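Geometric and topological summary
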Amino acid sequence: MPRGGWYSVGVVLMFAVLPFVYGNHALLFNMMMYLVLAQGINVLFGFTGYLPFGYVGFFGTGAYGTSLAILLLHLPPLPALLVGAAAAMLVGLVLAPLLKLSGAYFAIASLAASEVVYYIVSNPHLTPLTQGPYGISLVQTYNAAQSYAVMVAVLALALGAVVYLRNSNLGLALQAIREEPISAGFAGINVVRERTRAWLLSAALAGLAGGVYAWHVSVFYPKPVFDLSISVFAIVFTLFGGAATLLGPVVGTLLLYGLYNWIGISQPEYFQLVFGIVIVVLVLFLPNGLMSLLRRIRVDVP
Amino acid sequence: MSPNALLSVSGLSKRFGAYRALDGLSLEVAAGEILGLVGPNGSGKTTAINVISGVYAADAGTIRFDGRPVGGLPIHRRARLGINRTFQVPKPFRSLTVTENLEVASAHSRSGDNQIRECLELLALDSVAGREAASLTSAQQKRLDLARALVARPRLLLVDEIGAGLNPAELQLMAQTLLAIAGSGVALLVVEHLLGFLRAVASRVVVMDAGREIFEGPLDLAARDPQVIDVFLGR
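Residues numbered from 1 in each chain as written. Chains lettered and ligands numbered in written order. Predicted model: local features only at pLDDT ≥ 70, side-chain atom pairs only at ≥ 80, totals over all residues.

**Some details on the pairing of strand 2 (residues 19–30) of chain B**
The condition is simple: For two strands to be treated as a pair, DSSP must find no fewer than two bridges joining them. Put simply, DSSP marks the helices as runs of H or I at least four residues long and the strands as runs of E at least two long, and each gets a number from the N terminus on.
One ladder, built from nine bridges, connects strand 1 (residues 5–16) of chain B with strand 2 of chain B; its direction is antiparallel. By the bridge assignment, B:Ser13 is partnered in strand 2 of chain B with B:Asp23.

Here you go:
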């Protein structure tokens, strides 16, 4: 088993079994969704150093791609999900030139790009095609149990992707690109191609998560699936746990999304306060996340 | 162009805005030869290395490697053909270990684990092989930079001021290392301010001023050339 493989199996099994003993399936589903999104951010930020504030654009594109494949192409949900992922990757391909930017410029440009996708999708003139601002209804394919099971599979895929990156030459090459793109070129790495691959993998994961989300909730408006807070949550969960590791985003999501559900819904103002403090403490004292604490005491974190 | 030149550069020009960093530079390096490149600050030495290695695109001129034009190729293609370099300020992959730094380079070239071990030994990095590159001293980082280039099995190595900041013992070791690399048939182009170091390694030098060559020949003759003296001591 590659490094981190058993942890991944454990996490996947946990979400496969928990619905039988724990009643709040919506919480479990959303937690899986954020685990996938956090690993998607991890693939991009942890391994290449790009921080996409517009990451939710891929999620929304996946939700709409899947829904429109069901509504307009009359595909069953599973093939429709592939259409959703492909749509997210297509948007990723169109936006690939953004990778020429760095740091804050990339973060802001990706945010603007996701807003553009949102305004296209929600444009009232496109109502015949996208239902515009009136949202999507997929009641005819609604199936909470099946869509939950598929999210478990997508979670397995996301964890598998990061396990692969943690153990492969591609993952090492991506980290080399993150640290020193020019030296990476002299190490024989095709920097543009490998970086684009990571970007598209990250887009596909968000697209799949968005597609399964659309199927699971079956009725939604454009605003919530393009909501910036989805990007922010996924990014903070990843950074809190520790990017470029498998376990960091998992631990970050379980703790912080758990906290959100504990006090965020009943007392949102306290959650905002705690969340804000967590971010400040993180940036000041633990810029590499919780996992860096373990590494400091020489634990090899997968 | 002489028939045995591995690298042959002619008429190379590069401008940054109105500033001419390179202004028709021509030079050749043969396999197994160490050519020194000297000149005052701002004379275009590092720009020459950046253009030959593909970090910058030339505005004019040709770069032939093994008879084949490489001026339009991206960095990784040049690296795979056998053009590699070190940096004046070393650029290791800082959060990766020393060994991982070399694994990255070996994965994309034809070299294996043996090559990594050999390079670690040759550059006295075996004792720090498991450490993060960021924790190395600057002299060690310079050697890691060179090791990263060597693992990719270069045929032409561009070395940018590797002597700066090294103590006399380290300099002597570095000179021996460069001579050993050239001895294995690699062509070296060495940019250096330390003339003692250069005398120990280079059989021939090109002196640059304002982006072009003003002298080519043995270093000792360069020191007696009136134009070279002019450029270094000021007019």
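**As for the environment of B:Asn41**
With respect to the helices and strands, the residue B:Asn41 is situated in the loop between strand 3 (34–38) and helix 1 (45–53). Distance from B:Asn41 to B:Leu178, taken between C-alpha atoms, is 23 Å for residues 137 residues apart in sequence.

**Looking at the sheet that holds strand 10 (residues 212–217) of chain B**
Residues and elements named next belong to chain B. Under the convention used in this document: Interaxial angle, 0 to 180 degrees, is taken between N-to-C directions of lines fitted to C-alpha atoms, where a helix line uses only the stretch in contact.
Taken together, six strands build an open sheet; the order of strands is 6-7-8-3-9-10 and the sheet is mixed. Whereas interior strands pair on both sides, the edge strands pair on one side only; in this sheet they are strand 6 (83–85) and strand 10. Each neighbouring strand pair of the sheet contributes to a mean axis angle of 20°, computed without reference to strand direction. When strand 3 meets strand 8 (residues 187–191), the two strands line up parallel, connected through four bridges.

**A closer look at the pairing of strand 10 of chain B**
Residues and elements named next belong to chain B. Looking at chain direction, strand 9 (residues 204–209) and strand 10 are connected through five bridges and run antiparallel. From the neighbouring strand, Val-205 faces strand 10, where its bridge partner is Gly-217. Between strand 9 and strand 10, which pair antiparallel and follow one another directly, the connecting turn spans two residues, one of which, Ala-210, has a positive phi of 50°.

**Concerning the environment of B:Leu25**
Residue and element names in this part refer to chain B. Using the following cut-off: Here the contact rule is simple: place C-beta atoms from the backbone, and any two residues whose C-beta atoms are within 7 Å are in contact.
Counting through the fold element by element, Leu-25 comes out in strand 2. Separated by 61 residues in sequence, Leu-25 and Thr-86 have C-alpha atoms that sit 21 Å apart. Excluding residues that lie within four positions of it along the chain, Leu-25 makes contacts with Val-9, Leu-12, Gly-44, Ala-48, Gly-211, Arg-212 and Glu-213.

**Thoughts on the domain arrangement of chain B**
All names here are of chain B. The condition that has to hold: Domain boundaries shown here were taken from an automatic or database domain assignment.
If you check the domain split of chain B, you get domain 1 (5–82 + 154–233) and domain 2 (90–147). Averaged C-alpha coordinates put domain 1 and domain 2 at centres separated by 24 Å. Contacts between the two partners involve six residues from domain 1 and, on the opposite side, seven residues from domain 2.

**Quick word on the sheet that holds strand 1 of chain B**
One open sheet accounts for four strands, arranged 2-1-4-5 (chain B); its pairing is antiparallel. Looking at which strands have only one partner, the edges of the open sheet turn out to be strand 2 and strand 5 (68–69) of chain B.

**Considering the packing of helix 2 (residues 25–48) of chain A against helix 10 (residues 191–217) of chain A**
In a pair of packed helices, the angle between the axes and the distance between the axes together describe the arrangement. All names here are of chain A. The condition that has to hold: These descriptions rest on fixed angle ranges, namely under 35 degrees for roughly parallel, over 145 for roughly antiparallel, 65 to 115 for roughly perpendicular, and the rest for oblique. Classification used: nonpolar for Ala, Val, Leu, Ile, Met, Phe, Trp, Tyr, Cys and Pro, charged for Asp, Glu, Lys and Arg, polar for all others including Gly.
Two elements in contact, helix 2 and helix 10, have axes whose closest approach is 9 Å; the angle formed by their N-to-C orientations is 170°. Put simply, helix 2 runs roughly antiparallel to helix 10. Facing helix 2, whose interface residues are Phe-29, Met-33, Val-36, Leu-37, Gln-39, Gly-40, Val-43, Leu-44, Phe-47 and Thr-48, helix 10 presents Arg-195, Ala-198, Trp-199, Leu-201, Ser-202, Leu-205, Ala-206, Ala-209, Tyr-213 and His-216. When grouped by side-chain class, the residues that make up the contact of helix 2 with helix 10 number 14 nonpolar, five polar and one charged.

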